[in-house]
Amino acid sequence: MLGLELTPEHPLDRLVELGTQAEREGYDSLFVSCHYNNRDPFAVLARLAAETDDIRLGPGVANPYEMHPVTLASKVATVAESSGGRGLLGIGPGDPSTLRNLGLDDQRGLRSVLEAFKVAQDLWAGERVTHDGTFQATDAGLNFDVPGEVPVYVGGEGPHMCRMAGKHADGLLFNGSHPDDLAWAREQVDIGREDRSDGRGDFTLAAYASVSISEDAEAAREAARPPVAFITAGAAPPVLDRHGIDAELASDIGEKISAGDFSEAFGLVTPEMIDAFSMAGTPDDVTDRMAAVLDHADGVVVGSPIGPDLEEAITLAAQAHRESRA
């Protein structure tokens, strides 16, 4: 997999231009991120479905709390229909700093993610669903056929979420950019795959990586501050420990993000955080990091910020990926 994450902080026309460029550059998957304070991801995906031909499209990463999981399944099915069978679903427990604004942070959990995509798969298969668990549905169904197979990629980084993905999903979008983290993720996925049904098919472990690539290394690292702040704030304690990052400082960053003090939060990001939680630097730097990560992962999703100059960075990241596999 070579995927690209588009963050709808930009106008829709710009996002469509970036998405069509990604398709020309050889990306095979396009995820539109899901945060209430950005533009609606499904509005973006509708435009992209009309303007692209081959690239797979879906939300990444949606959560099952901000809308009913049956509604989420219907929206993804609509993307699949409008794109001629190119839909996909990235689903996970959501960003804690953002969900805190909506009073939903205490609902995050593995069970809700698993139940949501299992019900979605039944709905896409044309079944009517009654469910009583982390959410309720009674005789719910879709009134249209869903073309093709809709792969489900679980977004997460905790051990139980990684193992669940290995057992039940089509892939894991592991929120990581460092080879040590991907090596650990592979171990967790393999534990889950020991109980995987033979009928589940292939599995893809993808590094859902914060990438910031530019010929100007300093500019690339500076552009990485915002996404690294969000990643640090949401990182589990074992991940912080793995990279020697102060958990109290990470908590401070999360609190400032929740309060809307973004400049202060980004200013707390340290060089060590950038090294741990992003692929940031020159094309050579990013190529080397991708190669190290792909020793353990099956693919990379090039995530926010991509780079200081988005159009240039989309091209450079695709080149770095090709060279990392040479």
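Residues numbered from 1 in each chain as written. Predicted model: local features only at pLDDT ≥ 70, side-chain atom pairs only at ≥ 80, totals over all residues. Heavy atoms only, no water.

(A) Molecular detail of the overall build of the protein. The helix and strand tally for the protein stands at 15 helices and eleven strands. With the C-alpha coordinates of the protein rotated into their principal frame, the extents come out at 55 × 40 × 40 Å. In the protein, which comprises 326 residues, the share counted as buried stands at 56%. Long-range contacts, defined here as pairs at least 24 residues apart, represent 74% of the contacts in the protein between residues at least 6 apart. Per element, the accessible surface of the protein, about 13,400 Å² overall, is 44% carbon and sulfur. Distance between charge centroids for the protein: 4 Å, based on 25 positive and 55 negative side chains. (Helix = DSSP H or I, 4+ residues; strand = E, 2+ residues; numbered from the N terminus. Buried < 20%, exposed > 50% of the residue type's maximum accessible area, 1.4 Å probe, protein only. Contact = heavy atoms within 4.5 Å. Areas by Shrake-Rupley, 256 points an atom, 1.4 Å probe, with all protein chains shown as cover. Lys, Arg positive; Asp, Glu negative; His and termini not counted. Charge placed at Lys NZ, Arg CZ, Asp CG, Glu CD.)

(B) Highlighting the environment of Leu173. As for its placement among the helices and strands, Leu173 is situated in strand β8 (residues 171-174). The sequence separation of Leu173 and Asp190 amounts to 17 residues, and the corresponding C-alpha distance is 15 Å. If we ignore the near neighbours within four places in the chain, the residues touching Leu173 are Phe31, Val61, Gly90, Tyr153, Val154, Gly155, Gly156, Ala206, Tyr208 and Val301.

(C) Quick look at the layout of surface pockets. What the second largest pocket holds in volume is close to 220 Å³. In terms of lining residues, the second largest pocket is bounded by Gln121, Trp124, Ala125, Val146, Gly148, Glu149, Val150, Pro151, Asp170 and Arg200. Looking at side-chain class alone, the lining of the second largest pocket contains five nonpolar, two polar and three charged residues. (1 Å grid on protein atoms, 1.4 Å probe; cavity = no way out; pocket = protein on both sides within 12 Å on 5 of 7 lines; lining within 4 Å. Points joined across faces, edges and corners; volume = space filled by probe spheres on them. Nonpolar A, V, L, I, M, F, W, Y, C, P; charged D, E, K, R; others polar.)

(D) Inspection of the packing of helix α9 (residues 225-234) against helix α11 (residues 247-258) at higher detail. Following both chains from N to C, one finds α9 and α11 inclined at 115 degrees, their axes separated by 8 Å at the closest point. α11 is crossed by α9, and the crossing has left-handed handedness. Residues Ala229, Phe230, Thr232 and Ala233 of α9 touch α11, and the partners they reach there are Ala250, Ile253, Gly254 and Ile257. Each residue belonging to the contact of α9 with α11 can be placed in one class, and the counts come to six nonpolar, two polar and no charged. (Axes fitted to C-alpha atoms, helices over the stretch in contact; angles between N-to-C directions. Left-handed = near helix turned anticlockwise from the far one by under 90°.)

(E) Local environment of the packing of helix α1 (residues 12-25) against helix α15 (residues 310-324). The N-to-C vectors of α1 and α15 enclose an angle of 25 degrees; their axes lie 10 Å apart at closest approach. Regarding the angle of α1 to α15, the classification is roughly parallel. For the pair α1 and α15, the sense of crossing is right-handed. Residues Arg14, Leu18, Gln21, Ala22 and Glu25 of α1 pack against Leu310, Glu311, Ile314, Thr315, Ala318 and Arg322 of α15. (Parallel < 35°, antiparallel > 145°, perpendicular 65-115°, else oblique.)

(F) Region of the structure containing the environment of Thr7. By the element assignment, Thr7 lies in the loop between β1 (2-6) and α1. Judged by its relative accessible area of 16%, Thr7 falls in the buried class. Each C-alpha atom of the pair Thr7 and Pro305 lies 8.4 Å from the other, and the pair is 298 residues apart in sequence. Thr7 has contacts with Leu15, Ser33, Asn38 and Ser304, leaving out every residue within four places of it along the chain.

(G) Spatial organisation of the UniProt feature "domain: Luciferase-like" (unreviewed entry) in the protein. Under the feature "domain: Luciferase-like" (unreviewed entry), the UniProt entry names residues 8-293. The span residues 8-293 carries 50% helix and 15% strand; its end-to-end C-alpha distance comes to 27 Å. (UniProt positions renumbered as here; feature names shortened; annotations may be inferred.)

(H) Looking closely at the nonpolar core. Within the largest apolar cluster, 81 residues are counted, with the highest numbers of intra-cluster contacts made by Leu4, Tyr27, Phe117, Trp124, Leu172, Leu205 and Val302. A total of eight residues in this core trace back to one element, the largest contributor, which is helix α5 (residues 110-124). Grouped together as the second largest cluster of nonpolar side chains are 19 residues, Ala224, Ala235, Ile245 and Ala250 included. (Core = buried A, V, L, I, M, F, W, Y, C linked by side-chain atoms within 4.5 Å.)

(I) Layout of unusual backbone geometry. A cis amide bond links Gly60 with the next residue in sequence, Val61, at an omega value of 10 degrees. Position of Val61 relative to the elements: it lies in the loop between β3 (56-59) and α3 (69-82). The omega torsion across Ser304 and Pro305 is 10 degrees, close enough to zero to call that bond cis. Of note, Ile306 is a non-glycine position whose phi angle comes to about 75 degrees, a positive value. Position of Ile306 among the secondary structure elements: in strand β11 (residues 299-306). Residue classification places Ile306 among the buried positions, given a relative accessible area of 4%.

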